[in-house]
Amino acid sequence: MTQHDRLLIIDFGSQVTQLIARRLRELNVYCEIHPYQAVTDAFLADFAPRAVIFSGGPDSVMREGSPRPPRAVYDLGVPILGICYGQQVMMQDLGGRVEAGEHATAEFGRAYVEQAGEGDDFLFGWFLEGREQVWMSHGDHVAEIAPGFQVLGTSPGAPFAITADPARRFYAVQFHPEVHHTPNGRTLYENFVRLAGFTGDWTMGAYREEAIAKIRAQVGDAKVICGLSGGVDSSVAAVLIHEAIGDQLTCVFVDHGLLRQNEAQEVVSMFRDHYNIPLIHADESELFLGALEGVSDPEVKRKTIGKLFIDVFQKHAAEVGGAEFLAQGTLYPDVIESVSFSGGPSVTIKSHHNVGGLPEKMGLKLVEPLRELFKDEVRALGHELGLPASFIGRHPFPGPGLAIRCPGEITREKLEILRKADAVYIDQIRKHGLYDEIWQAFVAILPVRTVGVMGDGRTYDYACALRAVTSVDGMTADYYPFTHEFLGETATRIINEVKGINRVTYDITSKPPGTIEWE
Ligand code: XMP
């Protein structure tokens, strides 16, 4: 198996460290993020990076005991790029000087960097307009650069905005080239990885071959079970594993009766008929809906579903007999051990549906072939594996399903109405070509009936809310700005086509303060 050239990102706790990895992966460079505490001399020797990036971070290098990389990193003979806090660390470690922030020199937000001194390969294609917009976020600043360095760019608050020691291939910038607000930032990463000799060999085709070999080596001739949710991650994992080990894999699809219109049939037909993957379709809707009868508290709903799910999955997995492995669609963002400086207990907003404890409980080992991938890379892999584009691009759907889109008590009648309204809404969004612009869209059926008039008659039916948001990762979100025409047309269609709804509202809450789902 080939070993890719690897780039190491040492994380000092910046909010945007993951974006550095994103930018590099876009350049087909394989990289990993590791917290500074984990990067020891032994780790460095074992990882053998072709280049290293120091992330930003919230601490001050002026503080005794603030985060540092190991000294050995400077002796590896590989290029290093320091960003923000990473620049200050590099300067101080190599003999420069950093000054504590004062009001006059702190910079937060948009700034412009002007070229200073001779250009270097690092700046190739960067100062196209003579100056470049960048995103700054620093209190402290470098007051004296380390011996061997020269200044390549300055800004009003950062006289050493871009510094370089071309002989050692050490580069350090005060701003954040990885964020959107540094529009030409990609160029700096491109130049840096070119200087480091990366060939851009991290492609999905290569990944697929390697992942298949790895799965075969890990699993041998043992049996594997995979819980399918119908979502993109578990589906891509299942198809990849099936390609590796064929019918040693059995998928278990638990239908909790809280799926969208035609969803169960679509999943079953895709896996069983299209891919010929052995699939247990566990229709447990009676069990789940029975347990949810009379339950209206959102947390009780979530916990009821979560617990039943584990029981039911275990029961059906046992039918497979003798499985040694459980496959999961874990992604890289779930794996990154971020540096947290905040401490303090965080409040539980919602108990997320997860089956984290399952492998230990069942005595199974894990197969997680997507552990190194970001969401969009999983989509690219799905594409590579021939999954239909319409399936790969599907909006996320929560584990507890429609239960959390039906505030108050869940009844079969309400679920039926909700499924129909949701199908009309999504059809509208697709027809208007908006589906891919939206992170997630769905209908919530509200626990109120309102009075309406249709034809000559009075109606007394449910109200519903349409939800559509844009988001990058679901952590924050904005409501989608539909036109009034679109909203009007959709409301008319839902009221005409869905018996049981006579009023439609549009939810214009962002997150925070709202959440994406209603419960
Ligand atoms: P909220 O409502 O917390 O949702 O703003 C953020 C994202 O997470 C999804 N979500 C879940 N996904 N299990 C999941 O797998 C869950 O229990 C769960 N709850 C919310 C939600 O659909 C949105 O994409």
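On a predicted model such as this, the values are computed, not experimentally measured, just so you know.

**Student:** Run through the overall build of the chain, naming residues and quoting values.
**Tutor:** The helix and strand tally for the chain stands at 15 helices and 20 strands. Over its C-alpha trace the chain gives a radius of gyration of 26 Å, about what one expects of a compact globule, namely 24 Å for 519 residues. The dimensions of the chain, computed from C-alpha atoms along their principal axes, are 80 × 60 × 40 Å. Residues classed as buried in the chain amount to 54% of the 519 residues present. For the chain, the accessible surface area stands at approximately 22,900 Å², while carbon and sulfur atoms represent 52% of it. For the chain, the centre of its 47 positive side-chain charges and the centre of its 69 negative side-chain charges are spaced 5 Å apart.

**Student:** Provide a residue-level description of the domain arrangement of the chain, including the pertinent values.
**Tutor:** According to the domain assignment, the chain contains domain 1 (7-196), domain 2 (204-393) and domain 3 (412-506). Residue-level contacts link 16 residues of domain 1 with twelve residues of domain 2. Where domain 1 abuts domain 2, roughly 1,200 Å² becomes buried across the two surfaces, and 56% of that area is made up of carbon and sulfur atoms. Area buried by domain 1 at its contact with domain 2 is led by Gln18, Arg22 and Arg25, which between them contribute 43% of it. At the surface where domain 1 touches domain 2, the tally comes to two salt bridges. Viewed at the interface, domain 2 and domain 1 are joined by four residue pairs in polar contact (both at pLDDT 80 or more). Residue assignment for the side of domain 1 that touches domain 2 shows that the elements contributing at least two residues are helix 1 (17-26) and strand 2 (30-35). Among the residues forming the side of domain 1 that touches domain 2, the class breakdown is eight nonpolar, three polar and five charged.

**Student:** Explain the packing of aromatic side chains to me, using residue names and the numbers behind them.
**Tutor:** In the structure shown here, the tally under the stated rule is 19 aromatic pairs. Ring plane angle 65° and centroid distance 6.1 Å describe the contact between Tyr74 and Phe170, whose orientation is recorded as edge-to-face. You can see Tyr74 sitting in the loop between strand 3 (51-54) and strand 4 (80-83) and its partner Phe170 sitting in strand 11 (residues 170-173), a full 96 residues away along the chain. In this structure Tyr74 comes out as buried when scored by relative accessible area, which is 9%. Since its relative accessible area comes to 2%, Phe170 is described here as buried. An aromatic cluster is built from Phe12, Tyr36, Phe54, Tyr74, Tyr85 and Phe170, whose rings are joined through pairwise contacts. The ring of Tyr112 has Arg131 lying over it, and the distance from NZ or CZ to the ring centre is 3.9 Å. In this structure, Arg260 is placed above the aromatic ring of Phe397, and the distance from its NZ or CZ to the ring centre is 3.9 Å.

**Student:** Kindly report on the nonpolar core, identifying the contributing residues and their values.
**Tutor:** Core analysis: the biggest nonpolar cluster contains 49 residues, and Tyr425, Ile429 and Phe482 have the highest contact counts within it. For this core, the secondary-structure elements that each account for two or more residues are strand 13 (249-255), helix 8 (285-292), helix 9 (298-320), helix 14 (412-431), strand 17 (440-454), strand 18 (457-470), helix 15 (484-497) and strand 20 (501-506). Beyond its immediate sequence surroundings of up to four residues, Ile429 is in contact with Leu434, Tyr435, Ile438, Ala441, Phe482 and Phe486. Judged by nonpolar contacts, the second largest core, of 45 residues, contains Leu381, Leu387, Phe391 and Ile392.

**Student:** Tell me about the packing of helix 1 against helix 4 (residues 185-195), and please be specific about residues and values.
**Tutor:** Direction vectors running N to C along helix 1 and helix 4 enclose 65°, while the axes themselves pass 10 Å from each other. As for the relative orientation of helix 1 and helix 4, their crossing is right-handed in sense. For the pair formed by helix 1 and helix 4, the contact residues are Ile20, Arg23, Leu24 and Glu26 on the first element and Arg186, Tyr189 and Val193 on the second. Partitioning the contact of helix 1 with helix 4 into residue classes produces four nonpolar, no polar and three charged.

**Student:** Requested: an account of the environment of Asp422, with residues and values cited.
**Tutor:** In this structure, Asp422 sits in helix 14. The class for Asp422 is buried, based on a relative accessible area of 6%. Along the primary structure Asp422 and Ile445 are separated by 23 residues, whereas in three dimensions their C-alpha atoms are 9.5 Å apart.

**Student:** I'd like a description of the sheet that holds strand 4, backed by residues and values.
**Tutor:** Here nine strands make up an open sheet; going across it, the order is 2-1-3-4-11-10-9-6-7 and the pairing mixed. Every interior strand has two partners, whereas the edge strands, strand 2 and strand 7 (131-138), have only one. Sheet twist, expressed as the average angle between the axes of neighbouring strands with direction ignored, equals 25°. In this sheet, strand 3 lies alongside strand 1 (residues 6-11) in parallel orientation, the contact comprising four bridges. Note on strand 3: the bridge partner recorded for Leu8 is Val52. Helix 1 rests against strand 1, strand 2, strand 3 and strand 4 of the sheet, and its axis sits at about 165° to strand 2.

**Student:** For unusual backbone geometry, give the residues involved together with the corresponding values.
**Tutor:** Cis peptide bonds are those with omega within 30 degrees of zero, and the linkage from Lys511 to Pro512 qualifies with -15°. Take Pro512: it is sitting in the segment after strand 20. A cis geometry characterises the amide bond from Pro512 onward to Pro513, with omega recorded as 10°. If you trace the backbone, Pro513 turns up in the segment after strand 20. For Asn276, which is not glycine, the phi dihedral falls at a positive 55°. By the secondary structure assignment, Asn276 is in the loop between helix 7 (263-274) and strand 14 (279-283).

**Student:** Quick rundown of the pairing of strand 4? Include the residues and the values.
**Tutor:** Covered by surrounding structure in strand 4 are Ile80 and Gly82 together with Leu81 and Ile83, the residues of both alternating faces. In the sheet, strand 3 pairs with strand 4 via three bridges, with the strands oriented parallel. Considered in strand 4, the bridge of Val52 is made with Ile80. Here four bridges tie strand 4 to strand 11, and the two strands are oriented parallel to one another. Each residue of the ladder has a partner; that of Gly82, found in strand 11, is Ala172.

Conventions adopted
- Note that residues are indexed from 1 along each chain, following the sequence as it is written.
- Whole-chain, interface and lining totals are the exception, using all residues; otherwise, since this is a predicted model, local features are given only for residues with pLDDT of at least 70 and side-chain atom pairs are given and counted only at 80 or more.
- To obtain the side-chain values, all non-hydrogen atoms of the structure were used and water was disregarded.
- Strands here are runs of E lasting at least two residues and helices are runs of H or I lasting at least four, both read from the DSSP assignment and numbered beginning at the N terminus.
- It is over C-alpha atoms that the radius of gyration is taken, and the globule rule equals 2.2 Å times the number of residues to the power 0.38.
- Throughout, exposure labels follow a simple rule: accessible area from a 1.4 Å probe, protein chains only, divided by the maximum for the residue type, with under 20% read as buried, over 50% as exposed, and the rest as partly exposed.
- Every accessible area reported is derived by Shrake-Rupley at a probe size of 1.4 Å, with residue values counting cover from the shown protein chains alone.
- For this count, His and the chain ends are skipped, Lys and Arg are scored as positive, and Asp and Glu as negative.
- To locate a charge, take NZ of a lysine, CZ of an arginine, CG of an aspartate or CD of a glutamate.
- Where each domain begins and ends follows an automated or database-derived domain assignment.
- Contacts: residue pairs with any heavy atoms within 4.5 Å of one another.
- When two parts are put together, the accessible area they lose, computed with a 1.4 Å probe and summed over both, is reported as buried area.
- Here, a salt bridge means any Lys or Arg side-chain nitrogen found within 4 Å of an Asp or Glu carboxyl oxygen.
- As used in this structure description, the phrase polar contact means that two N or O atoms lie within 3.5 Å; if the pair is within protein, one of them must be able to donate a hydrogen and the other to accept it, and residues adjacent in sequence are counted only when both atoms belong to side chains.
- Only Asp, Glu, Lys and Arg are considered charged in this grouping, and only Ala, Val, Leu, Ile, Met, Phe, Trp, Tyr, Cys and Pro are considered nonpolar; every other residue, Gly among them, is considered polar.
- Pairs were defined over the aromatic rings of Phe, Tyr and Trp, the Trp ring being its six-membered one, requiring ring centres within 6.5 Å. Orientation was assigned from the angle between planes: stacked under 30 degrees, edge-to-face over 60, tilted for the rest.
- Over a ring means this: the NZ of a Lys or the CZ of an Arg is within 6 Å of the ring centre and within 35 degrees of the ring normal.
- Residues belong to a common nonpolar core when they are buried Ala, Val, Leu, Ile, Met, Phe, Trp, Tyr or Cys residues joined through side-chain atoms within 4.5 Å.
- A fitted line through C-alpha atoms represents every axis, and for helices the fit uses only the stretch in contact; the resulting angles, taken between N-to-C directions, go from 0 to 180 degrees.
- Each crossing is labelled by how the near helix is turned from the far one, with a counterclockwise turn of less than a right angle marking it left-handed and a clockwise turn marking it right-handed.
- Following DSSP output, two strands are said to pair if at least two bridges run between them.

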